[in-house]
Amino acid sequence: MKLSYHGHSIIQLENNDTKVIVDPFINGNELTDLDAGEVKADYILLTHGHNDHVGDTVEIAKNNDATVVAPVELAGYLEGQGLETIGMNIGGRKSFEFGSIKFVHAFHSSSFTDDDGKVHYTGMPTGIIIEAGEKKIYHAGDTGIFGDMKLISDLNGPFDVAFVPIGDHFTMGIEDAAYATDELIRPKVAVPVHYDTFPPIKQDAEAFKNSAKTEVQVLKPGETVDFQ
């Protein structure tokens, strides 16, 4: 099982000859190493509807005949764009060729702004728990800190890896993210995400690494998680 990070909140997973990408915001993301036209994916997982997470979903899905798995309102909107979708909701779990996913709470907002400037409601924001290759992965999505992160970990962990936003302004900043990682989520490894892409979320990932007691792997776009 291979797990890699590609800038902003994008992760890719390969397991059982199945390719998965999460929150594929590529065009407009100067930090990613990916080219949307070259991405190979069987499934696209979306945490919520903001444009910097839905990103290039439509292009990638159409190029690959990929299935989009997303919160049900967002899935419905994308189905209207001609995509094959599976709509889920918070608390739900489903098995796939690569493993299983479960949607859990995130404290944020969720909408998609189309090319005409119209804003579409896209349901509740989420985090996603992925179980694949005997590994448990928690992508927290965009979120502020909240106490039920501990409940999520108690019921679904222990997590081998947690992808945790540190950018501040729109999500947790370094101080909250370090506390959430150490005291609530308690993964074996934490990877910071959702930082440096835009001026309001410029952060020093090494400061997060130094603030957390948990092992932190600061990954450059294209690097893989070291499970050791």
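What counts and what doesn't
One numbering rule holds for all chains: residues counted from 1, following each sequence as written. It should be noted that, the model being predicted, local features are given only for residues of pLDDT at least 70 and side-chain atom pairs only at 80 or more, the latter also being counted only at that level, while totals for whole chains, interfaces and linings use all residues. Note: side-chain values were computed over all heavy atoms of the structure, leaving out hydrogens and water. Partly exposed describes any residue whose relative accessible area lies between the buried limit of under 20% and the exposed limit of over 50%, with all areas from a 1.4 Å probe on protein chains only and scaled to the type maximum. Secondary structure counts use DSSP, requiring at least four H or I residues in a row for a helix and at least two E residues in a row for a strand, with both numbered from the N terminus. As used here, the arc is the angular range of directions from the helix axis to the C-beta atoms. Among the buried residues, those of types Ala, Val, Leu, Ile, Met, Phe, Trp, Tyr and Cys that are joined through side-chain atoms within 4.5 Å form a nonpolar core. Only heavy atoms enter the contact rule, under which two residues are in contact if any of them lie within 4.5 Å. By definition, two strands form a pair when at least two bridges between them are found by DSSP. Salt bridges, as used here, are contacts in which a Lys or Arg side-chain nitrogen is within 4 Å of a carboxyl oxygen on Asp or Glu. Under this scheme, a helix contributes an axis fitted over its contacting stretch, all axes are lines through C-alpha atoms, and angles between N-to-C directions fall in the 0 to 180 degree range.

Peer 1: Residue-level account of helix H4 (residues 148-156), with values.
Peer 2: It helps to recall that an α-helix has 3.6 residues per turn; residues three or four apart then point in one direction. For H4, the complete set of buried residues consists of Met 149, Ile 152, Ser 153 and Asn 156. Buried residues of H4, seen end-on, are gathered within an arc of 95° and therefore sit on one face of the element.

Peer 1: Outline the nonpolar core, supporting the account with residue identities and numerical values.
Peer 2: Formed by 49 residues in total, the largest nonpolar core has its most connected members in Ile 101, Ile 130, Tyr 138 and Phe 163. Per-element tally for this core: the top contributor is helix H5 (residues 174-185), with 6 residues. Apart from residues lying up to four places away in sequence, Ile 130 is in contact with Leu 13, Val 22, Leu 45, Phe 98, Ser 100, Ile 101, Lys 135, Lys 136 and Ile 137.

Peer 1: I'd like to hear about the pairing of strand S8 (residues 99-105), residue by residue, with values.
Peer 2: Counting buried residues in S8 gives 6 out of 7 residues, a clear majority hidden from the surface. In this sheet, S8 lies alongside strand S7 (residues 93-96) in antiparallel orientation, the contact comprising 4 bridges. By the bridge assignment for S8, Lys 94 is matched with Ile 101. Counting the residues that bridge the hairpin from S7 to S8 gives 2 residues. Where S8 and strand S11 (residues 126-132) come together, 6 bridges link them in antiparallel fashion. Looking at the pairing, Val 104 lines up with Gly 127 of S11.

Peer 1: Lay out the pattern of salt bridges with the relevant residues and their values.
Peer 2: Evaluation of the coordinates by the stated rule reveals 4 salt bridges. Note that Asp 154 and Lys 150 form a salt bridge whose closest N and O atoms lie 2.9 Å from each other. Of this pair, Asp 154 and Lys 150 both sit in helix H4, 4 residues apart, roughly one helical turn. Lys 150 sits in the partly exposed class, given a relative accessible area of 37%. Each of Lys 150, Asp 154 and Arg 186 takes part in salt bridges that share partners, so that together they form one network.

Peer 1: I'd love a proper account of the sheet that holds strand S2 (residues 11-15), names of residues and values included.
Peer 2: The mixed open sheet is built from 6 strands, whose spatial order is S1-S2-S3-S4-S5-S6. Looking along the sheet, the strands with just one partner apiece sit at the ends: strand S1 (2-5) and strand S6 (84-88). Between one strand axis and the next, the sheet turns by 20° as a mean value, whatever way the strands run. Bridge count between strand S4 (residues 43-45) and strand S5 (residues 67-71): 3 bridges; the pairing is parallel. Bridging from a neighbouring strand, Leu 45 pairs with Val 69 of S5. Set on the sheet, helix H3 (residues 72-79) makes contact with S5 and S6; between it and S5 the angle comes to about 140°.

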